[in-house]
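Reading the structure
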Amino acid sequence: MLRLLCVTAHPDDEAGGFGGSLLLCASRGVETHVLCLTPGQAATHRGDARSDEELAAKRREEFQASCRLLKIARGEVLDYPDAGLDRLDFYAVVGDLVQRIRRIRPHVILTIGPEGAVTAHPDHSMASLFATLAYHWAGRSNRFPEQLKDGLTPHRAQKLYYSTTTFSLPDRQPVSPAPVTAIIEIGPEFLETKIRAFKQHTSQSPLFQLFETMVRKRGTRELFHLAATATPRQAQMESDLFEGVKED
Ligand SMILES: [Zn+2]
């Protein structure tokens, strides 16, 4: 079975840049996983939560509801601090992700671009950098060798993609995204489903209008940048994230 892992920073990141592609992969029999690094407890929009803990608990539920709509085989929210990923022990977080990659053994890994997506949120950038090194180090026997016991072995995922964009938000400083190398046509049905998935994040309801406007502007395409491949090659435009990927 083919497997895909998507690494994000906040509950709701899974819907916007990835939702349609995750649905498309699931519809083709790929086992899809999402690892979200924080429970989003530092969000501006807080619903009726009275504390960070209440908001985190609410957002974990919202994330699972979104994952159900996106047909995610397993979605997990980790417990790293929202708005604090740039202050963590870099090596330790990469090690955590390496261990999870060695367990899940994805063929393809998706994450946000190092620019931090259109919002340039530092957590997005950090998720990108953590996931990038975890992609590279999970396959090397001399990185985190202490994990290599009880049957856990190095795992080289075949491709790493960054989500990317061709526009910046009008009211924010522009970002410098990675060039588009894969255009995934998700179709109108999955576009509607990913908007519904985003709307499972009810604590973030003040953002629904902005999200829907942005996502409809982007239309039925999701854009990615191929950042690394296990088989070296020249850049070429792709329309399928699993193009050239071999089952084990
Ligand atoms: Zn986010």
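Look a little higher up for the structure.
Overview of the structure. Quick caveat, the model's predicted, so the values are computed rather than measured. (Residues numbered from 1 in each chain as written. Predicted model: local features only at pLDDT ≥ 70, side-chain atom pairs only at ≥ 80, totals over all residues. Heavy atoms only, no water.)

**Concerning the coordination of the zinc ion**
At the metal site, the zinc ion is ligated by His10 (ND1), Asp13 (OD) and His124 (NE2), and these contacts range over 2.1 to 2.2 Å. The motif formed by the donor residues of the zinc ion, counted along the single chain, is H-x2-D-x110-H. Separated by 114 residues along the polypeptide, His10 in the loop between β1 (3–8) and α1 (13–16) and His124 in helix α5 (residues 122–138) bring together distant segments of the chain. (Donors = N, O, S within 2.8 Å, 3.2 Å for Na, K, Ca; no water. Helix = DSSP H or I, 4+ residues; strand = E, 2+ residues; numbered from the N terminus.)

**Here's the deal with the environment of Ser239**
By the secondary structure assignment, Ser239 is in the segment after β7 (221–229). Between the alpha carbons of Ser239 and Ile184 there is a distance of 5.2 Å; along the sequence they are 55 residues apart. Not counting the four nearest positions on each side in its chain, Ser239 is found in contact with Ile183 and Ile184. (Contact = heavy atoms within 4.5 Å.)

**Thoughts on the nonpolar core**
Counting 37 residues, the largest nonpolar core has Leu4, Leu110, Tyr161, Phe224, Leu241 and Phe242 as its most contacted members. Counting residues per element, this core draws most heavily on helix α6 (residues 187–198), at 5 residues. (Core = buried A, V, L, I, M, F, W, Y, C linked by side-chain atoms within 4.5 Å. Buried < 20%, exposed > 50% of the residue type's maximum accessible area, 1.4 Å probe, protein only.)

**Quick word on unusual backbone geometry**
Of note in this structure, Asp12 is not a glycine but carries a positive phi near 110 degrees. Its place among the elements puts Asp12 in the loop between β1 and α1.

**Describing the environment of Gly219**
Structurally, Gly219 is set in the loop between α7 (208–218) and β7. By relative accessible area, Gly219 is classed as buried at 17%. Considering only alpha carbons, one finds Gly219 and Val175, 44 residues apart in sequence, at a separation of 20 Å.

**Considerations on the packing of aromatic side chains**
Across all of its chains, the model carries 8 aromatic pairs by this definition. Aromatic side chains Phe18 and Phe224 sit 6.2 Å apart centroid to centroid with 45 degrees between the ring planes, which places their arrangement in the tilted category. Of this pair, Phe18 sits in the loop between α1 and α2 (19–27) while Phe224 sits in strand β7; the two residues are 206 residues apart in sequence, bridging distant segments of the chain. For the pair Phe18 and Phe224, one class covers both residues: buried. Each residue in the set Phe18, Tyr161 and Phe224 is aromatic and connected to the rest through ring pairs, giving one cluster. Its end group placed over the ring of Trp137, Arg143 keeps NZ or CZ at 5.5 Å from the ring centre. Directly above the ring of Phe167 sits Lys217, whose terminal nitrogen or CZ lies 4.4 Å from the centroid. (Phe/Tyr/Trp six-rings, centres within 6.5 Å; stacked < 30°, edge-to-face > 60°. Lys NZ or Arg CZ within 6 Å of the ring centre and 35° of its normal.)

**Here we look at the sheet that holds β1**
With mixed pairing, the 7 strands of this open sheet are ordered in space as β3-β2-β1-β4-β5-β7-β6. The two strands at the open ends of the sheet, each matched to only one other strand, are β3 (74–77) and β6 (182–185). For this sheet, the mean inter-axis angle between neighbouring strands, taken without regard to orientation, is 25 degrees. The pairing of strand β2 (residues 31–36) with β3 spans 4 bridges and is classified as parallel. Across the sheet, the residue bridging to Cys36 is Val77, located in β3. (Pairing = 2+ DSSP bridges. Axes fitted to C-alpha atoms, helices over the stretch in contact; angles between N-to-C directions.)

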